[in-house]
Amino acid sequence: MATTKPTLDLLRSLSDEHVLRALMSQRQATRAEIAAATGLSKPTVSESVRRLSANGSVVDTGERTTGRGRIGTYYALPTTTGWALVASLAPEGIVAEAIDVYGQVVARSQAPVTRSPGAGRVARTLKGVAGDVADHGTRPFRLAVVSAADPVDRESGRLVELPDAPFLLGALDAPGVLAELVDGPVTVDNDVNWAARAEHSHGRATGVRDFVYLFLGEGVGCAVLTDGEVRRGHAGVAGEIAHVVTVGPGGVAMRLTDVFDALRLRRPGSTAIDVPALLHAVESVASVRNALARAVAGVLSAVVALADPAVVLVGGSWGRHPGVLAAVAREFGEAPRGVPVEAAAVNDEPALAAARETALQQLRDAIIAAAPRTQ
């Protein structure tokens, strides 16, 4: 079989990408340091640096090496490389961050919201905090990544209104809200899906290709990863488990969301779970703890039957509670197809952490894709 040799243009393009990625991880480097980091020959690196300098993708920093031997020049990416925007829409508040190509949060702004703010107020708040961080650098952002505590339509990026959702954002059009501030694509997904990605990249599910992430907080949700990818479903609402029928108090069949009503664990005048009241009940009333465990285990039985995960990871403000976790694991252990139930490992803004990681990867790819091709 005849093989096709790579063209000279392709080889040059690959060399340039290696050089750019080296400078993304090292901030600045000499040609010798780039060669050592990439494995490319010094002549190849020198030619690539010449091309990239000519088209403005790389700049001479003006700094030189010191000491014995030949003096080296330090090269870096230009300050005009640009930033990515990362945003989080959650009951705790709306956050916007500017991320540079080195993965640093160079600006952050946050504003509070009510638990049922509506699309209009959220849109104004999101645009305000995003504008705050944009004012710290050059506009527009190259791209944006958004985490939202509501389901997200996978085609449009708009939020999906569901009955009994604890954080009522309305059908917010995040890409439209950010259009004036972002020059490139806007990626939007549900916060539980982002939290699951955090576990997959640097948490308890590192290297695990099939697992379930169960979120138990003011609301409940689930993310399913199969073959290392989040399954979002036809409309983007896969994993919305609140209305799955399970075992309620007294053995009565009811939707999971109704279990919290039956146990009087709702916030007054809201569909949100009263987490402080729930934790107090879990620690002091065995019947409540056991009823919650049975209800959650019933939902997990359905999820496991459909998804066949290797492990179930539990996060959220009350899902991580040792008493809750132990009770759920005990109840679920009686199921015909039980799998290990463990606490999630990433608990410090897990959704935002995964969104940052995705934004950084997309930003670096966008910079390389936009680099001019100079012979």
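Presented here is an overview of the structure given in this document. (Residues numbered from 1 in each chain as written. Predicted model: local features only at pLDDT ≥ 70, side-chain atom pairs only at ≥ 80, totals over all residues. Heavy atoms only, no water.)

One open sheet holds the three strands; their spatial order is β1-β3-β2, and the pairing between them is antiparallel. At either margin of the open sheet sits one strand with a lone partner, and together these are β1 (28–29) and β2 (59–64). Where β1 lies against strand β3 (residues 73–76), two bridges are found, and the strand directions are antiparallel. Across the sheet, residue A29 finds its bridge partner in β3, namely Y75. (Pairing = 2+ DSSP bridges. Helix = DSSP H or I, 4+ residues; strand = E, 2+ residues; numbered from the N terminus.)

A positive phi is found at D308, a non-glycine position, where the angle reads about 55°. Structurally, the position occupied by D308 is in the loop between α9 (286–307) and β14 (311–315). Of note in this structure, E349 is not a glycine but carries a positive phi near 50°. If you trace the backbone, E349 turns up in the loop between β15 (341–343) and α11 (350–370). Residue E349 is classed as partly exposed on the basis of its relative accessible area of 31%. (Buried < 20%, exposed > 50% of the residue type's maximum accessible area, 1.4 Å probe, protein only.)

Turning our attention to the pairing of β14. Burial analysis of β14 places five of its five residues in the buried class, which makes it a mostly covered element. Burial along β14 is two-sided: V311, L313 and G315 and V312 and V314, pointing in opposite directions, are all buried. Summarising the sheet, strand β9 (residues 211–216) and β14 pair through five bridges and their orientation is parallel. Directly across from Y213, in β14, lies its bridge partner L313. For β14 and β15, the ladder comprises three bridges, and the chain directions are parallel. In the strand pairing of β15, L313 is matched with E342. Regarding topology, helix α10 (residues 322–332) serves as the crossover connection from β14 to the parallel β15, and that connection is right-handed. (Right-handed = clockwise from strand over helix to strand, strands pointing away.)

Attention now moves to the pattern of salt bridges. A complete count under the given rule lists 17 salt bridges for this structure. Between D365 and R21 there is a salt bridge, and its shortest N-O distance comes to 2.7 Å. Taken together, the positions of D365 in helix α11 and R21 in helix α1 (residues 8–26) put the pair 344 residues apart, joining distant regions of the chain. On the accessibility criterion, D365 (34% relative accessible area) is partly exposed. Here E97 makes a salt bridge to R356, at a shortest N to O gap of 2.6 Å. One end of the pair, E97, is in strand β5 (residues 93–99); the other, R356, is in helix α11, and 259 residues separate them in sequence. With relative accessibility at 22%, the residue R356 sits in the partly exposed group. (Salt bridge = Lys/Arg side-chain N within 4 Å of Asp/Glu carboxyl O.)

The next thing to look at is empty space enclosed by the protein. Applying the stated criterion to the full structure yields one cavity of 30 Å³ or more. Within this model, the largest cavity holds a volume of roughly 40 Å³. Around the largest cavity, the lining residues are V282, R289, L292, A293, W318, V324, A327 and V328. Secondary structure elements with two or more residues in the lining of the largest cavity: α9 and α10. Class assignment for the residues of the lining of the largest cavity results in seven nonpolar, no polar and one charged. (1 Å grid on protein atoms, 1.4 Å probe; cavity = no way out; pocket = protein on both sides within 12 Å on 5 of 7 lines; lining within 4 Å. Points joined across faces, edges and corners; volume = space filled by probe spheres on them. Nonpolar A, V, L, I, M, F, W, Y, C, P; charged D, E, K, R; others polar.)

What follows concerns a nonpolar patch on the surface. A contiguous nonpolar surface patch, about 340 Å² in accessible area, is contributed by L8, L10, L11 and L14. Note that L11 resides in helix α1. (Patch = residues over 30% accessible without salt bridge, like charges linked within 9 Å, V, L, I, M, F, W, Y side chains within 5 Å. Areas by Shrake-Rupley, 256 points an atom, 1.4 Å probe, with all protein chains shown as cover.)

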